[in-house]
Amino acid sequence: MPEVQQPLAEPMQARAEEIADLMKLLGHPQRLLIACLLTERAFAVSEIEERLRIRQPSLSQQLGTLRDAGVIEGRRSAKAVIYSLTDERLRQLLGALHQVFCPSGVEVLVANAPKSQPMPNAAMAASAVFARVGVRRVG
């Protein structure tokens, strides 16, 4: 009896939901920027807030979503909570995104945002830079 070959797409199909969930998680500009920043090193909440210009209530919500998904973890250090990336797959995926969209690092997203108007959040910074390189938001 001839051996039946497995279609090449089958391994991807088996993990499609897991991959789609990870992509949905990164689908929010603030979560994407937070995760990108955490690829560099661990940061205290106050540092994340300052570097990405995400207001504290929104930052807490997005950190909670990332933490609940198991891709980041927080640890207490005195009065601060220090967050780090824990999912190696996410680190590799973000590394690829960095190479394509922001090879100079996430700081460039915020630094290159339009200076003519206040930057209320990191999502606007990401949108401005992505628009400049020809990436349009879908949905």
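The model shown is predicted, which means the values in this text are computed figures rather than measured ones.

## Some thoughts on helix α1 (residues 10-25)
Here is step 1 of the chain: Its 16 residues place the ends of α1 23 Å apart at the C-alpha level, agreeing with the 22 Å of an ideal helix rising 1.5 Å per residue.
Here is step 2 of the chain: At Ala16, α1 shows its maximal bend, which comes to roughly 55°.

## Structural notes on the pairing of strand β2 (residues 72-77)
In summary, the side chains of a regular strand alternate between the two faces of the sheet.
Here is step 1 of the chain: Across six bridges, the pairing between β2 and strand β3 (residues 80-85) is antiparallel. Across the sheet, the residue bridging to Arg75 is Ile82, located in β3.
Here is step 2 of the chain: Between β2 and β3, which pair antiparallel in sequence order, lie two residues; one of them, Ala78, sits at a positive phi of approximately 60°.

## Looking at a nonpolar patch on the surface
Here is step 1 of the chain: On the surface, Met12, Ile19 and Met23 cluster together to form a nonpolar patch covering roughly 290 Å² of accessible area.
Here is step 2 of the chain: Relative to the helices and strands, Met23 is located in helix α1.
Here is step 3 of the chain: Note on Met23: relative accessible area 46%, which makes it partly exposed.

## Remarks on helix α3 (residues 45-52)
Here is step 1 of the chain: For α3, the full list of buried residues reads Val45, Ile48 and Leu52. Buried residues along α3 cover an arc of 60° about the axis, so they all sit on one side.
Here is step 2 of the chain: Positive phi appears at Arg53, one or two residues downstream of α3, with a value of about 55°.

## Quick word on the packing of helix α2 (residues 29-40) against α3
Here is step 1 of the chain: The geometry of α2 relative to α3 is characterised by a closest axis approach of 11 Å and an angle of 115° between their N-to-C directions. Taken together, the axes of α2 and α3 are roughly perpendicular relative to one another. The two elements α2 and α3 meet at a crossing, and its hand is right-handed. For the pair formed by α2 and α3, the contact residues are Leu33, Ile34, Leu37 and Leu38 on the first element and Ile48, Arg51 and Leu52 on the second.
Here is step 2 of the chain: For the contact of α2 with α3, the residue count by class is six nonpolar, no polar and one charged.

Parameters and conventions
- Residues numbered from 1 in each chain as written.
- Predicted model: local features only at pLDDT ≥ 70, side-chain atom pairs only at ≥ 80, totals over all residues.
- Heavy atoms only, no water.
- Helix = DSSP H or I, 4+ residues; strand = E, 2+ residues; numbered from the N terminus.
- Expected span 1.5 Å × (residues − 1).
- Bend = angle between axes of the 7 residues up to and from the residue.
- Pairing = 2+ DSSP bridges.
- Patch = residues over 30% accessible without salt bridge, like charges linked within 9 Å, V, L, I, M, F, W, Y side chains within 5 Å.
- Areas by Shrake-Rupley, 256 points an atom, 1.4 Å probe, with all protein chains shown as cover.
- Salt bridge = Lys/Arg side-chain N within 4 Å of Asp/Glu carboxyl O.
- Buried < 20%, exposed > 50% of the residue type's maximum accessible area, 1.4 Å probe, protein only.
- Arc of directions from axis to C-beta.
- Axes fitted to C-alpha atoms, helices over the stretch in contact; angles between N-to-C directions.
- Parallel < 35°, antiparallel > 145°, perpendicular 65-115°, else oblique.
- Left-handed = near helix turned anticlockwise from the far one by under 90°.
- Contact = heavy atoms within 4.5 Å.
- Nonpolar A, V, L, I, M, F, W, Y, C, P; charged D, E, K, R; others polar.

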